[in-house]
Amino acid sequence: MTFTQRALRHKSFAIGGVLVALLIATALLSFVWTPYSPTELDIPNKLQPPSAAHWLGTDSLGRDVVSLLIAGSRNSIAVGLIAVGIGIAFGVALGLLAAARRGWVEELVMRLADFTLAFPALLSAILLTAAYGPGLGVATIAIGIFNVPVFARITRAAANGVWSREFVLAARACGKGTWRITLEHVLPNIAAALIVQATIQFAVAILAEAALSYLGLGTQPPTPSWGRMLGEGQNMMYQSWLLAVWPGLAIVFSVLGLNLMGDGLRDLLDPRLARQR
Amino acid sequence: MILAMGIFLIKRFATFVATLLAASVLVFAVQGALPGNAAQVMLGESATPEVVAALSRKLGLDQPAVVRYGHWVRGLLTGDLGTSVSYDVPVAQLIGERLAVTAPLALLAMALTTVLALTLGIYAASRHNKLGDVGVMTLSQIGIAIPNFWFAILLILVFAVKLQWFSAGGFPGWDESAWAALKALILPAVALAVVQAAILARITRSAVLDVLREDFVRTARAKGLNRRQVLWRHVLRNAFVPVLTVMGLQFASLLTGTVVVENVFSLPGLGRLIFQAISNRDILVVQSVVMLLAAAVIVINFVVDMLYAVIDPRLKVHSA
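Keep in mind that what you see is a predicted model, and the values were worked out from it rather than measured.

Chemist: Whenever I open this one, the overall build of chain A confuses me. Can you help?
Modeler: In terms of regular secondary structure, chain A is built from ten helices and zero strands. For chain A, the sequential pattern of α-helices and β-strands runs α-α-α-α-α-α-α-α-α-α. Taken along its principal axes, the extent of the C-alpha atoms in chain A is 75 × 50 × 35 Å. The contacts of chain A with a sequence gap of at least 6 include a subset with a gap of at least 24, amounting to 69%.

Chemist: Please clarify how the interface of chain A and chain B should be interpreted in this entry.
Modeler: Bring the parts together and some accessible area is lost; that lost area is often taken as the interface size. Contacts between the two partners involve 33 residues from chain A and, on the opposite side, 39 residues from chain B. The element that contributes the greatest number of residues to the side of chain A that touches chain B is helix α5 (residues 121-132) of chain A, accounting for eight residues. Split by residue class, the side of chain A that touches chain B holds 25 nonpolar, five polar and three charged.

Chemist: I'm lost on the packing of helix α5 (residues 91-126) of chain B against helix α10 (residues 227-264) of chain B in this one. Help?
Modeler: Helix packing geometry: the angle between the two helix axes and the distance between the axes. Residues and elements named next belong to chain B. Axis separation between α5 and α10 bottoms out at 9 Å; the angle between their running directions is 140 degrees. Comparing their axes, α10 and α5 come out oblique. The handedness of the crossing between α5 and α10 comes out as right-handed. Contacts between α5 and α10 involve Thr-102, Leu-105, Ala-106, Ala-109, Met-110 and Ser-126 from the first element and Leu-231, Leu-254, Leu-255, Thr-258 and Glu-262 from the second. Taken together, the residues of the contact of α5 with α10 break down into seven nonpolar, three polar and one charged.

Chemist: Would you explain unusual backbone geometry in this entry?
Modeler: Leaving glycine out, the prevailing phi sign among residues is negative, and the prevailing peptide bond configuration is trans. In this model, Pro221(A) is joined to Pro222(A) through a cis peptide bond whose omega is 5 degrees. Structurally, the position occupied by Pro222(A) is in the loop between α8 (178-214) and α9 (226-235). Phi at Leu47(A) takes a positive value of approximately 50 degrees, unusual for a residue other than glycine. Its location among the elements puts Leu47(A) in the loop between α2 (11-32) and α3 (65-101). Unlike most non-glycine residues, Ser266(B) shows phi in positive territory, near 50 degrees. As for its position among the elements, Ser266(B) is in the loop between α10 and α11 (270-279). According to the C-beta neighbour criterion, Ser266(B) is partly exposed, with 13 such atoms within 10 Å.

Chemist: So what exactly am I meant to see when it comes to helix α4 (residues 65-78) of chain B here?
Modeler: Residues three or four positions apart in an α-helix share a direction because the helix packs 3.6 residues into each turn. With 14 residues, α4(B) ought to run about 20 Å at 1.5 Å a step, and its terminal C-alpha atoms sit 20 Å apart, in line with that. Residue Gly79(B) follows α4(B) closely and has a positive phi angle near 85 degrees.

Chemist: Any chance you could explain the environment of Asp64(A) here in plain terms?
Modeler: Residues and elements named next belong to chain A. With respect to the helices and strands, Asp-64 occurs in the loop between α2 and α3. We classify Asp-64 as buried; it has 25 C-beta atoms within 10 Å. Discounting residues that sit within four places of it in the chain, Asp-64 has contacts with Pro-35, Tyr-36, His-54 and Thr-58.

Chemist: When you look at the domain arrangement of chain B in this model, what are you seeing that I'm missing?
Modeler: All names here are of chain B. Domain boundaries in chain B define domain 1 (2-78) and domain 2 (91-313). Each of domain 1 and domain 2 has a C-alpha centre, and the two are 31 Å apart. Each side of the interface is counted separately: domain 1 has 13 residues, and domain 2 has eleven residues. Listed by contribution, the elements that provide at least two residues to the side of domain 1 that touches domain 2 are α1 (2-32) and α2 (38-43). Among the elements that line the side of domain 1 that touches domain 2, the one with the most residues is α1, at nine residues. Residues belonging to the side of domain 1 that touches domain 2 are distributed by class as follows: nine nonpolar, three polar and one charged.

Chemist: Explanation requested: the environment of Gly161(A) in the structure shown.
Modeler: With respect to the element layout, Gly161(A) can be found in helix α6 (residues 136-163). When the C-alpha atoms of Gly161(A) and Asn189(A) are compared, they prove to be 9.7 Å apart, with 28 residues separating the residues in sequence.

Chemist: Would you mind showing me how to read the packing of α5(B) against α11(B) here?
Modeler: Residue and element names in this part refer to chain B. At a closest axis distance of 8 Å, the pairing of α5 and α11 adopts a crossing angle of 135 degrees. Here α5 is positioned oblique relative to α11, judged by the angle of their axes. Between α5 and α11, the contacting residues are Leu-94, Ile-95, Arg-98, Leu-99 and Thr-102 on the first element and Leu-270, Gly-271 and Leu-273 on the second. Residues belonging to the contact of α5 with α11 are distributed by class as follows: five nonpolar, two polar and one charged.

Chemist: Help me out: how do you make sense of the confidence of the model for chain B in this one?
Modeler: One rule of thumb: low pLDDT means the predicted coordinates there are not for detailed reading. All names here are of chain B. Here chain B averages 85 in pLDDT, while 94% of its residues score no lower than 70. Per-residue pLDDT, averaged within each element of chain B, yields its smallest value for helix α13 (residues 314-319) (48) and its largest for helix α7 (residues 148-162) (93). Overall, residues 316-320 carries pLDDT values under 50, and its contacts beyond four positions in sequence, including any with other chains, amount to seven contacts. The complex model carries a pTM of 0.88, and its ipTM stands at 0.88.

Chemist: Whenever I open this one, α11(B) confuses me. Can you help?
Modeler: Here α11(B) lies mainly inside the structure; seven of its ten residues are buried. Residues of α11(B) that are buried: Leu270(B), Gly271(B), Leu273(B), Ile274(B), Phe275(B), Ala277(B) and Ile278(B).

So, how was this worked out
Residues numbered from 1 in each chain as written. Chains lettered and ligands numbered in written order. Predicted model: local features only at pLDDT ≥ 70, side-chain atom pairs only at ≥ 80, totals over all residues. Helix = DSSP H or I, 4+ residues; strand = E, 2+ residues; numbered from the N terminus. Contact = placed C-beta atoms within 7 Å. Nonpolar A, V, L, I, M, F, W, Y, C, P; charged D, E, K, R; others polar. Axes fitted to C-alpha atoms, helices over the stretch in contact; angles between N-to-C directions. Parallel < 35°, antiparallel > 145°, perpendicular 65-115°, else oblique. Left-handed = near helix turned anticlockwise from the far one by under 90°. Buried ≥ 20, exposed ≤ 12 C-beta atoms within 10 Å, placed from the backbone. Expected span 1.5 Å × (residues − 1). Domains from an automatic or database assignment. pLDDT = per-residue confidence, 0-100.

What follows is the structure, encoded as structure tokens:
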């Protein structure tokens, strides 16, 4: 069976793939079209129930909820991409270094990773916000920092496995140096594990951004964000309770899609990594 | 063997102390990295230079960083954390009051998580690949994707706004009636626990399934014990090791989750304190609470590591 055939038959991967494709398509769509402007206020039409004109109604400032949700997806994806990018750039480099050098370098990198884990994304965001003021940039960096030890650990573990294989010994015998082996043999062989982890961390980043924006530490007005929509929706709970439901559903479907896709990829890319079912 | 264990304990303890120290340096350094003088940041742009200079002296900002750090660490160890600028009470007292909300909430949430997760996980494993298992796994997959603060909002919608069984937020305090106080913590604890339990239930299930495949389980069955007896006498004890580790790791996300959920329910705990402190630019409070939370995570992970070594001696050699 080809990879595509296996992928289509894998239930989690197929469902997750569809949800993720929808998320990406929505974000791309937001660049060219939203039913109404997501930032334009229309106070006379505030808190409208769902109707033909406004499919999911309007919020407390008269903005169209569908438009806000579509525009908010862009925000979630951007934060996810940058935060995972930071995690991969620094985490993979540190993990590869630890596996290649072993000894005290490895010990130092791993202790550093342990240490960073004591500062979950929210705590680092709080610390950074206290110093530099709230904003999406600070929030994204905080989530990214949290991703670094996650990728460093998984890279080191996977890379150590590759270093003990015979083909690496053969490459050494051919006279290849440590860094050439790392780039030409180790990295390609751990790519599958990294892709799986990247998918999962993307989901974690979306959740973290939503929480930070809900608390006012992330995306600032008027940029639409699902987390902030939830915060505003909670304030309007007695007038229009659906406002506190839609953004949550958008988050759940995105995160569910990414997690299912990650699980599926784990099975498809590396059967040894697959969890026992 | 005993020597190896001793060396492991000493090494692990040294790492623990070093981690705590590093965390304190980091938390302290962020204050030092503040753009401009911390006193200026606390007082805002409009403060006159004389007022800023006075506060700087009061906070000891005119001293070198090393001296201030030493002072701060000594304060952390002795409980003298200075006085909050916005509340005008000792920071230690402020934290103590808020802990009376946060600590019971975290404990209640952890207890609920454990009960829910172990029940569901063991049930799913015992019904492996049958309808019950698939149902629990599907539910947990959805549970993992739900942001805890959104779940909290949904709970308020259903149980406070629609059914009016609970209040939508706030905390009456422990002095009036313990039941009223506990009642105010139930919805927040459920919101925290459901999401955590979704993760832990999956871990429990796969841990139990792993142990069920071991030889000694077959031996126990051959000895004449039935499935239920084997599960309770042999499997659960062995499956507990990975479950415990994940519970330790979950404690960090539980604490940060508490910070968020306290804000959803307007509970006067550490989470709410930290946000009020940020908007009041009360840096001493932010610093102390962040340090406290980070230290809690480090301590819990240390304790779990120790327990891990005690429960499963095979692991000592690897981790040492």
